[in-house]
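# Architecture and fold: a report
What follows is each chain in one-letter form.
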Amino acid sequence: MKDLFDKIYKDKGPLGKWADQAEGYFVFPKLEGEIGNRMKFQGKEVITWSVNDYLGLANHPEVRKVDAEAAKQYGSAYPMGARMMSGHTNLHEQLQNELAEFVSKEAAYLLNFGYQGMVSTIDALVGKDDVIVYDVDAHACIIDGVRLHMGKRFTYKHNDVASIEKNLQRAEKIAQQTGGGILLISEGVFGMRGEQGKLKEIVALKEKYNFRLFVDDAHGFGTLGKTGAGAGEEQGVQDQIDVYFATFAKSMASTGAFIAGDQEVIDYLKYNLRSQMFAKSLQMQLVVGALKRLDMLRSMPELKEKLWENVNALQNGLKERGFDIGTTQSCVTPVYLKGSIPEAMALVKDLRENHGVFCSIVVYPVIPKGLILLRMIPTASHTMKDIEETLEAFSSIRERLENGTYKRLSAGVAAAMGD
Ligand SMILES: Cc1ncc(COP(=O)(O)O)c(C=O)c1O
């Protein structure tokens, strides 16, 4: 019989196998200093494009002050216990009410982490007779929530309305046999490529098919829509989203998340969400911090305006220089280049060491072989100087990629990897 750990010793997994070449630099890098447009990486200042602090709240003096005061008043223990048992407070309730109002829903419920909350909400919404229909490019939290489902599930081609309809028809057939219902899950914004989910088109399909819509709007909340209420507001279909989800980990620059919907639906989830029934309540300092951030989202539209000024300057600058930024419809700014993984590594090293530009790099198997995706997250705290310097840096690395410099520089790594 095999030792359970044999596989661990032999195979580190699809990402783990790159650990020797990548750890500490391409993965698990240490960004140091105050969170902002410029931080320190390995002792040197870099322009940071990989921090999801969209509205620049992470290091805002008012936010820091409230966070510090809340920590002083409540420490990190309060309240103890799960919401249902001993972890419920007036402030948790107040935050839920304010969040619900902000996203135009009757009620909201807090989650400790977005990832677990999404998994748990999917789990609570469906039973074995129900059918799930979801985007093939869904975030891991959706995929993992669907994994718990005992019934049928269908993926549709990414943001493809014909494929959505085809899969709704398949789901309908099954649901008619089992006597179950259909849950359709989309993201408000797809975090890698920046496209918005086709919410308007999906909602239109409600005329023909009987399904409920669950939207993960992690990247849309605070960044899209007139008031910042997200992708549903932006597309004019917020009232047709049956369950709305957003995390505090992006625009709100914190930890925690929430779901919102009709009172009866949220009441049901409150009594059936295993991630909240069997885990400690969201810490009070996070609740107080979220109330402050939400207040700023509502009362300081200039934060979102500044964010979009930067997004437009960066995205237009890249397009003017002939870069392929795909079909983004949000702040998420992908830049697609052609090259191998070793070339991508040399390129990112050049960007960081010689140009002081820090962004995330995504390669195969997350995207097709031969493509390099540099993913940038503009924020309200970036400056026009940051953008100009970054655009210059990008022009320079593209030239070196095209003239074979990175191929030469990475020849040793490529040989070692058998690439
Ligand atoms: C689309 C999406 N959903 C859910 C999550 C998980 O949220 P959290 O970081 O609060 O666990 C993320 C990442 O943060 C995300 O990008």
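An account of the accompanying structure is given in this report.

Reading guide: rules and limits
- Residues numbered from 1 in each chain as written.
- Predicted model: local features only at pLDDT ≥ 70, side-chain atom pairs only at ≥ 80, totals over all residues.
- Buried ≥ 20, exposed ≤ 12 C-beta atoms within 10 Å, placed from the backbone.
- Helix = DSSP H or I, 4+ residues; strand = E, 2+ residues; numbered from the N terminus.
- Pairing = 2+ DSSP bridges.
- Axes fitted to C-alpha atoms, helices over the stretch in contact; angles between N-to-C directions.
- Contact = placed C-beta atoms within 7 Å.
- Core = buried A, V, L, I, M, F, W, Y, C linked by C-beta atoms within 7 Å.
- Domains from an automatic or database assignment.
- Near = placed C-beta within 6 Å.
- Expected span 1.5 Å × (residues − 1).
- Left-handed = near helix turned anticlockwise from the far one by under 90°.
- Nonpolar A, V, L, I, M, F, W, Y, C, P; charged D, E, K, R; others polar.

## What about the pairing of strand E4 (residues 107-111)?
Working note: regular strand, side chains alternate between the two faces of the sheet. Of all five residues that make up E4, five are buried, and the element is covered over most of its length. Neither face of E4 is left uncovered, since the one carrying Ala107, Tyr109 and Leu111 and the one carrying Ala108 and Leu110 both have all their residues buried. With five bridges joining them, E4 and strand E10 (residues 257-261) adopt antiparallel strand pairing. Looking at the pairing, Tyr109 lines up with Ile259 of E10.

## Digging into the sheet that holds E4
With mixed pairing, seven strands are arranged side by side in an open sheet as E4-E10-E9-E8-E7-E5-E6. Two strands bound the open sheet, and with one partner strand each, they are E4 and strand E6 (153-156). This sheet shows a mean twist of 20° between the axes of neighbouring strands, independent of strand direction. Helix H7 (residues 140-147) contacts strand E5 (131-135), E6, strand E7 (182-187) and strand E8 (212-216) of the sheet and is inclined by roughly 160° relative to E5.

## Some words on unusual backbone geometry
Of note, the bond from Tyr78 into Pro79 is cis; its omega dihedral lies within 30 degrees of zero at -10°. Positionally, Pro79 belongs in the loop between helix H4 (61-74) and helix H5 (90-102). For Asn159, which is not glycine, the phi dihedral falls at a positive 55°. Mapped onto the fold, Asn159 is located in the loop between E6 and helix H8 (161-178). Owing to 21 C-beta atoms within 10 Å, Asn159 belongs among the buried residues under this scheme. Within the chain, Ala253 stands out as a residue other than glycine whose phi angle is a positive 45°. Of note, Ala253 is situated in the loop between strand E9 (243-247) and E10. Judged by local crowding, Ala253 falls into the buried class, with 24 C-beta atoms found within 10 Å.

## Observations regarding the sheet that holds strand E13 (residues 360-362)
Adjacent strands of a sheet form backbone hydrogen bonds with each other and so pair up, either parallel or antiparallel. Taken together, three strands build an open sheet; the order of strands is E11-E14-E13 and the sheet is antiparallel. Both edges of this open sheet fall to strand E11 (333-338) and E13, since each of them pairs with a single strand only. Across the sheet, the mean angle separating the axes of adjacent strands is 25° when strand polarity is ignored. Here E11 runs beside strand E14 (residues 371-376); their pairing, made up of six bridges, is antiparallel. Bridging across to E14, Thr333 finds its partner in Met376.

## Let's talk about the nonpolar core
Within the largest apolar cluster, 112 residues are counted, with the highest numbers of intra-cluster contacts made by Val133, Phe258 and Ile259. Structurally, this core is a two-domain feature, drawing no fewer than three residues from each of domain 1 (11-48 + 301-417) and domain 2 (61-299). Dropping the residues within four chain positions of it, Val133 is found in contact with Phe154, Tyr156, Asn167, Leu168, Ala171, Ile182 and Leu184.

## Comments concerning the site of the ligand
Not every one of the 13 residues close to the ligand is listed here, only the nearest: Gly114, Tyr115, Ala218, Thr247 and Ala249. With three residues, helix H6 (residues 114-125) is the largest single contributor of residues to the shell around the ligand.

## Topic: helix H15 (residues 341-355)
Note: α-helices contain 3.6 residues per turn, so residues at a spacing of three or four share the same orientation. With 15 residues, H15 ought to run about 21 Å at 1.5 Å a step, and its terminal C-alpha atoms sit 20 Å apart, in line with that. Residues of H15 that are buried include every one of Ile341, Pro342, Glu343, Ala344, Met345, Ala346, Leu347, Val348, Leu351 and Arg352, and no others. Gly356, located one to two residues past H15, shows a positive phi value of around 65°.

## Considering the packing of H6 against H7
Two elements in contact, H6 and H7, have axes whose closest approach is 8 Å; the angle formed by their N-to-C orientations is 35°. Taken as a pair, H6 and H7 cross one another with a handedness that is right-handed. Mapping the contact onto sequence places Gly114, Tyr115, Met118, Val119, Ile122 and Asp123 in H6 and Cys141, Ile142, Asp144, Gly145 and Val146 in H7. Looking at the contact of H6 with H7, its residues break down into seven nonpolar, two polar and two charged.

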